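Listed below, chain by chain, are the residues.
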Amino acid sequence: MALIGVLALQGAFREHEKALRSLGAEVRELRQPQHLEGIDGLVIPGGESTTIGKLLVELNMMEPLKRRLLDGMPAYGSCAGLILLCRDIEDSEQPRLGVLDATVRRNAFGRQVDSFETSLPVKGLDEPVQGVFIRAPLITRVGSGVDVLARVDMAPHGGAGEEIVAVRQDRILATSFHPELTPDTRLHQYFLDMLA
Ligand code: GLN
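Residues numbered from 1 in each chain as written. Predicted model: local features only at pLDDT ≥ 70, side-chain atom pairs only at ≥ 80, totals over all residues. Heavy atoms only, no water.

Draft legend 1. Local environment of the site of the ligand. Surrounding the ligand, one finds Gly46, Gly47, Glu48, Ser49, Cys79, Ala80, Ile83, Arg106, Asn107, Ile134, Arg135 and His178. Within the backbone of Gly47, one N or O atom sits 2.9 Å away from an oxygen atom of the ligand. Protein chains bury 95% of the 300 Å² of accessible surface belonging to the ligand in isolation. Class assignment for the residues of the shell around the ligand results in four nonpolar, five polar and three charged. (Near = heavy atom within 4 Å. Polar contact = N/O pair within 3.5 Å; in protein donor to acceptor, adjacent residues only side chain to side chain. Areas by Shrake-Rupley, 256 points an atom, 1.4 Å probe, with all protein chains shown as cover. Nonpolar A, V, L, I, M, F, W, Y, C, P; charged D, E, K, R; others polar.)

What follows is the structure, given as structure tokens:
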């Protein structure tokens, strides 16, 4: 079975571990560069992307992780994890892995409705997921190699039209929302299937 490294510097990493274990994956918490040895895939949880990015640099994990991702190791990032994967972050120079050819806008849903849930169809899944959005980012640009898996209607949140909230670029999966905070493990299974 695959050994998944879950970045455990800050944020909701335990919930990801629980979902992955329930699907039969082996899980290792990543807190130091030597923990990257031998992992088959990476999960980056939600939390605070500036904090996680800063810690990745301080702990000398940013460059080795980036190298593994550029070598093709599969990764899944939710929320702050998505932000850390993106190449461009609007109005921010914060540290990032930057391997996903997309632009992200942090805290994109405004102050008043910064957290909400909505039923969300996702390409590749038969039934919609329950999208849990917590001070969530939006993807505002994707490169030509990026497949859009889900969009959310921004009209109830002060926006106009549909915005991108889940993407896949080859072996990189990213969602603005948090499936790890629901009992639904289909997106974690989708990720594990990417490793096969
Ligand atoms: N707003 C956070 C950030 O910018 C992300 C929120 C989350 O991961 N729930 O990093």
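We are not done yet, so read on.
Draft legend 2. Expanded view of unusual backbone geometry. A positive phi is found at Cys79, a non-glycine position, where the angle reads about 55°. Secondary-structure assignment places Cys79 in the loop between strand 4 (75-78) and helix 4 (80-85). (Helix = DSSP H or I, 4+ residues; strand = E, 2+ residues; numbered from the N terminus.)

Draft legend 3. Structural view of the nonpolar core. One finds Leu7, Leu42, Leu56, Leu65, Leu69, Leu85 and Leu100 to be the most contacted residues of the largest nonpolar core, which totals 35 residues. Sorting elements by how many residues they give to this core places helix 4 first, with five residues. Look past the residues within four positions of Leu69 in its chain and what remains in contact with it is Leu42, Ala75, Leu85, Leu97 and Val99. By size, the runner-up hydrophobic cluster in this structure holds 33 residues, among which are Ala2, Tyr76, Leu120 and Tyr190. (Core = buried A, V, L, I, M, F, W, Y, C linked by side-chain atoms within 4.5 Å. Buried < 20%, exposed > 50% of the residue type's maximum accessible area, 1.4 Å probe, protein only. Contact = heavy atoms within 4.5 Å.)

Draft legend 4. The arrangement of the environment of Lys123 in detail. Relative to the assigned elements, Lys123 resides in the loop between strand 7 (115-120) and strand 8 (129-134). Lys123 sits 43 residues away from Ala166 along the chain, and the two C-alpha atoms are 9.2 Å apart. Setting aside residues up to four positions removed in sequence, Lys123 forms contacts with Asp147, Val148, Leu149 and Tyr190.

Draft legend 5. Here's a closer look at the pairing of strand 4. Across the two faces of strand 4 the burial is the same, with Ala75 and Gly77 and Tyr76 and Ser78 all buried. Note that strand 3 (residues 41-44) and strand 4 share three bridges and pair parallel. Its bridge partner lying in strand 4, Leu42 is registered against Ala75. Two strands pair when backbone bridges link them, and strand 4 and strand 12 (residues 172-175) are joined in this way by four bridges, in the parallel orientation. Looking at strand 12, one finds that Ser78 is bridged to Thr175. (Pairing = 2+ DSSP bridges.)

Draft legend 6. Layout of the side chain of Ser49. Following the sequence through the fold, Ser49 ends up in helix 2 (residues 49-58). Given the relative accessible area of 2%, Ser49 is considered buried. Here Ser49 is in contact with Ala80, Ile83, Leu84, Gln94 and Arg106, once residues within four sequence places are set aside.

Draft legend 7. Highlighting the pattern of salt bridges. All told, the structure shown has twelve salt bridges when counted by the stated rule. Here Arg141 ties to Asp101 by a salt bridge, and the two come within 3.1 Å at their closest N and O atoms. Taken together, the residues span a long stretch of sequence, with Arg141 in strand 9 (residues 138-142) and Asp101 in strand 6 (residues 100-105) at a distance of 40 residues. Note that Asp147 and Lys123 form a salt bridge whose closest N and O atoms lie 2.9 Å from each other. Taken together, the residues span a long stretch of sequence, with Asp147 in strand 10 (residues 147-153) and Lys123 in the loop between strand 7 and strand 8 at a distance of 24 residues. Relative accessible area serves as the criterion here: at 33%, Asp147 is assigned to the partly exposed category. For Lys123, a relative accessible area of 46% translates into the label partly exposed. Through salt bridges that share partners, Arg87, Asp88, Asp101 and Arg141 make up one connected network. (Salt bridge = Lys/Arg side-chain N within 4 Å of Asp/Glu carboxyl O.)

Read these as geometric descriptors, not functional statements.
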